[in-house]
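# Observations on the three-dimensional arrangement
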Amino acid sequence: MSSSGWILTVCLVVLGVSIHAVWAEDGPGSERNCSAIPPYLPPTVVDTTLRLQKLRASMMPLNISAYIIPATDAHLSEYIAPRDARLAWMSGFTGSAGTAVITQNKAVLWTDSRYWIQAERQMDCNWELEEDVTIRSISNWLISEIAEGDQIGIDPFLFSVDTYKSYNTNLAPADRILKSIPENLVDKIWTDRPPLPSDKPIRLPDGVIERTWPMKVEQIRAQMSLNPYKPTAVLLSALDETAWLFNLRGNDIPYHPFFYSYTLVSMDEIWLMVHNERITEELKVYLNASCYTANCVQLLEYSSVRTYLNSYLVRPNVKVWVGTEYTNQALYELITPEDKLLTSTYSPVLTTKAVKDLTEQRILKEAHVRDAVAVMQLLMWLEKNVPEGSETEITAAQFVDQCRSKQKNSRGPSFETISASGPNAALAHYSPTNETARKLRVDEMYLVDSGGQYLEGTTDITRTVHWGAPTEFQKEAYTRVLMGNIDISRTIFPAGTRGVNMEMLGRRALWEIGLNYGHGTGHGVGNYFGVHEWPVGFQSNNIPFQEGMFTSIEPGYYKENEFGIRIEDIALTVPVKTKYGNGYLTFETISLVPYDRNLINPSLLSPEQLHWLNSYYETIRNVVGPELQRQGLKEEYNWMTKHTAPFLTAGASAISSFTLLVTVVLSASLHHLL
């Protein structure tokens, strides 16, 4: 809402009575109250009345009773460009995960627990919120709301193969029919939709590359040859697939260095579908775009991807390999008959990219050392200035961005900083605005989740602090979150173990006192790439851990309307020696910023956890200390030294009779950084 209006009225029908909703800069709370008379709408809400009217009008000629709007783009990206933020434009909800369904008389949003409060702050009373995110929940709602035989409209470019199948599996037996409408209905009514960015893709410098793009193409072709089903081509749809394959980066997605593209790699051809007007002559030479042999890249137009794919499919004896997780239904439905199709959950590019080569490992760790300097500068600055009462969530977020921008090879933040104090931190993915930003106070907990893009790699780190006197409950909750982080970080496991089988270690200490958190425990990160890089992590659909993978480890706890805690580090899977067996791995933590001593209750930590913590702090002193000195940051160096002082281990005791079924990490492995 614009700041010029204190009160705006919209006509609503509530209990059969026409009333007016109050939109205000100040009011009884930060969340909407649609049951009040008149309904209360906070200033963060968007009026969607006219947008819904126009969309519903466009649905009628198509004979569809409902229209589904996911929060993604044609590449199934988690983070999307402003021009692809259709769900946000229609509903006002800006969270990164959610699905909207619109019928002629209802508009409903489904999202997960990270965003429930945010949705109540951003949606007007035209919208209902379903506190769920499952396709089954959405399908059951559709079955209850529309009649048998009715059609449900979708944009097939915004549905993955697996997502489309899941909807169809739930809806088809109930005779509710999915209807593909390739021309997006939101785009038709979005008159001021942002244009395509004008930035041109760039190539990575040789100094940060171990494998050239022809070498990577050869790796993928080798996997095609070894595949028993003998695919003749691999279709790449996810934006990071093409960027990785060709060692290119772009600027089409905020915070993520990607560009709109598709790629088809066969044994003797390479097709790159991009906006050709943005490819420089230098890049054409780099890609060998003027020839037509096996290692020449043919540049084709992005918008004609379906046409080009069809032209390949009409050839005899072809079979296209697709990863169903990131291939959209609009392309998948073209690959017929079935003998022309080979599927796997992830493409060979995504699984190959997940294991970093030695150069990628080295430079990503180097980036984290410089990033640690920036985060320490923030924490020291806050410690000094918050008691003065002049800093806010926004100024803190701006300060850490400034600190990172001064580091070598900085390319900006890797996502919008989550800078959250007090009750705002209970929103796991809250970012401050002028309307919601709180002043930072010494009597409130503060959570900052931030990251940087560097030419060498991507960072993501979360620290939670308290500058005053935390309650005993806050200290216990924080310490148990830290215990979860440590227990995953120090575990030893066989190579090939799935993250989902270790994930409970991050929750165990919280579960013992009846606490939990509603988000994932970790995700992959890349080299100047996406901050959430699939398919690495601790979820059921992540691939097994192998040596050379990077993942975040980030347990948390959130007390609604009071505070939030999250401790997040990036870790590298490395080999470890065991007494008897070979082929075992552990995690080497490469985020190197101390935790808040003010919130740690050492008596809750086991001797093994204290040992890990002291070893980690020693690593920070040994690795980040010299970098602080090299940059002439004496005050920050003294701050770091103070906050990494060892904890005493005498008298520490285990907190539970529940046996930790993992092996303690050799503390010496932490000294192998850099």
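Residues numbered from 1 in each chain as written. Predicted model: local features only at pLDDT ≥ 70, side-chain atom pairs only at ≥ 80, totals over all residues. Heavy atoms only, no water.

When its secondary structure is counted, the protein shows 18 helices and 31 strands. Its C-alpha atoms give the protein a radius of gyration of 26 Å, near enough to 26 Å, the size a compact globule of 674 residues would have. For the protein, the spread of C-alpha atoms along the three principal axes comes to 75 × 70 × 50 Å. Burial analysis of the protein (674 residues in total) assigns 58% to the buried set. For the protein, long-range pairs separated by at least 24 residues make up 70% of all intrachain contacts whose partners lie at least 6 apart in sequence. (Helix = DSSP H or I, 4+ residues; strand = E, 2+ residues; numbered from the N terminus. Rg over C-alpha atoms; globule rule 2.2 N^0.38 Å. Buried < 20%, exposed > 50% of the residue type's maximum accessible area, 1.4 Å probe, protein only. Contact = heavy atoms within 4.5 Å.)

All of the buried residues in helix α1 (residues 49–59) are Leu52, Leu55, Arg56, Ser58 and Met59. Buried residues in α1, looked at end-on, bunch into an arc of 160°, giving them a common side. Close packing links the buried residues of α1 with β5 (66–70), α2 (86–91), β6 (99–103), β7 (107–110), β8 (127–130) and α6 (185–189). (Arc of directions from axis to C-beta.)

Turning our attention to the packing of helix α17 (residues 607–630) against helix α18 (residues 634–643). Two numbers describe a pair of packed helices, the interaxial angle and the distance between the axes. Axis separation between α17 and α18 bottoms out at 10 Å; the angle between their running directions is 175°. By the angle class used here, α17 and α18 are roughly antiparallel. Note on element contacts: α18 touches α17 through Glu636, Tyr637, Met640 and His643, opposite Tyr617, Ile620, Arg621, Gly625, Leu628 and Gln629. (Axes fitted to C-alpha atoms, helices over the stretch in contact; angles between N-to-C directions. Parallel < 35°, antiparallel > 145°, perpendicular 65-115°, else oblique.)

What follows covers the sheet that holds strand β21 (residues 445–450). A sheet is described by the order of its strands in space; here three strands give the open sequence β20-β21-β23, paired in antiparallel fashion. Edge positions in the sheet fall to β20 (418–421) and β23 (461–466), since each has one partner strand and no second. Here the average twist between neighbouring strands, direction ignored, is 10°. (Pairing = 2+ DSSP bridges.)

Sheet architecture is open: six strands sit in the order β8-β7-β6-β5-β9-β10, paired in mixed fashion. The outermost strands of the open sheet, each flanked by one partner alone, are β8 and β10 (177–180). Within this sheet the neighbouring strands show an average axis-to-axis angle of 25°, counted without direction. Strand direction decides the pairing type here: β5 and strand β9 (residues 151–154), joined by two bridges, are parallel. In the sheet register, tyrosine 67 faces β9, and the bridge partner there is glycine 153. α1 contacts β5, β6, β7 and β8 of the sheet and is inclined by roughly 65° relative to β6. On the sheet, helix α5 (residues 161–171) packs against β5, β6, β9 and β10 and is oriented at approximately 145° with respect to β10.

Right, let's talk about the packing of aromatic side chains for a bit. Counted by the stated rule, this structure contains 24 aromatic pairs. Seen from their ring centres, tyrosine 595 and tyrosine 617 are 6.3 Å apart, and the 40° between their planes marks the pair as tilted. Here tyrosine 595, found in the loop between β31 (584–589) and α17, pairs with tyrosine 617, found in helix α17; they are 22 residues apart in sequence, far enough to count as distant. For the pair tryptophan 612 and tyrosine 616, a centre-to-centre distance of 5.2 Å together with 20° between the ring planes defines the contact as stacked. Highlighted residues: tryptophan 612 and tyrosine 616, both in helix α17, separated by four residues, approximately one helical turn. Exposure class is identical for tryptophan 612 and tyrosine 616. Each is buried. Between arginine 507 and the ring centre of tyrosine 517, over which it is positioned, the NZ or CZ distance is 3.8 Å. Lying across the ring of phenylalanine 647, arginine 597 places its NZ or CZ 4.1 Å from the centre. (Phe/Tyr/Trp six-rings, centres within 6.5 Å; stacked < 30°, edge-to-face > 60°. Lys NZ or Arg CZ within 6 Å of the ring centre and 35° of its normal.)

Scanning the entire structure with this criterion turns up two disulfides. Cysteine 291 shares a disulfide with cysteine 296; S-S distance 1.7 Å. Judged by the sign of its S-S torsion, about -95°, the bond between cysteine 291 and cysteine 296 is left-handed. Overall, cysteine 296 belongs to the buried group, its relative accessible area being 2%. If you count the bonded cysteines of the protein from the N-terminus, they pair up as 1-2, 3-4. (Disulfide = S-S within 2.5 Å.)

Glancing now at the nonpolar core. Core analysis: the largest hydrophobic core is formed by 66 residues, its most contacted members being Leu382, Tyr595, Ile600 and Leu613. In this structure isoleucine 600 touches Lys475, Tyr478, Thr479, Leu482, Tyr595, Leu605, Leu613, Tyr617 and Phe647, once residues within four positions along its chain are discounted. Counting residues in each nonpolar core, the second largest holds 55 residues, with Leu236, Leu299, Val320 and Ala330 among its members. (Core = buried A, V, L, I, M, F, W, Y, C linked by side-chain atoms within 4.5 Å.)

Among all positions of α18, only Glu636, Trp639, Met640 and His643 are buried. Summarising the axial view, the buried residues of α18 lie within an arc of 100°, below the 170-degree limit, and thus occupy one face. Exposed residues on α18 whose side chains face more than 90 degrees from its buried face are Lys634 and Lys642.

A side chain with one charge may pair with a side chain of the opposite charge, provided their charged atoms come close. Counted under the stated rule, the structure contains 34 salt bridges. Put simply, aspartate 84 and arginine 193 hold a salt bridge, and the shortest N to O gap is 3.5 Å. In this pair, aspartate 84 sits in the loop between β5 and α2 while arginine 193 sits in the loop between α6 and β11 (202–203), placing the two residues 109 residues apart along the sequence. Residue classification places aspartate 84 among the buried positions, given a relative accessible area of 6%. A residue is classified by how much of its surface remains accessible, and arginine 193, at 24% relative accessible area, is partly exposed. Ionic pairing is found between arginine 630 and glutamate 627, a salt bridge with its closest N-O pair at 2.7 Å. Remark: glutamate 627 and arginine 630 occur in helix α17; sequence separation between them is three residues, near one turn of the helix. (Salt bridge = Lys/Arg side-chain N within 4 Å of Asp/Glu carboxyl O.)

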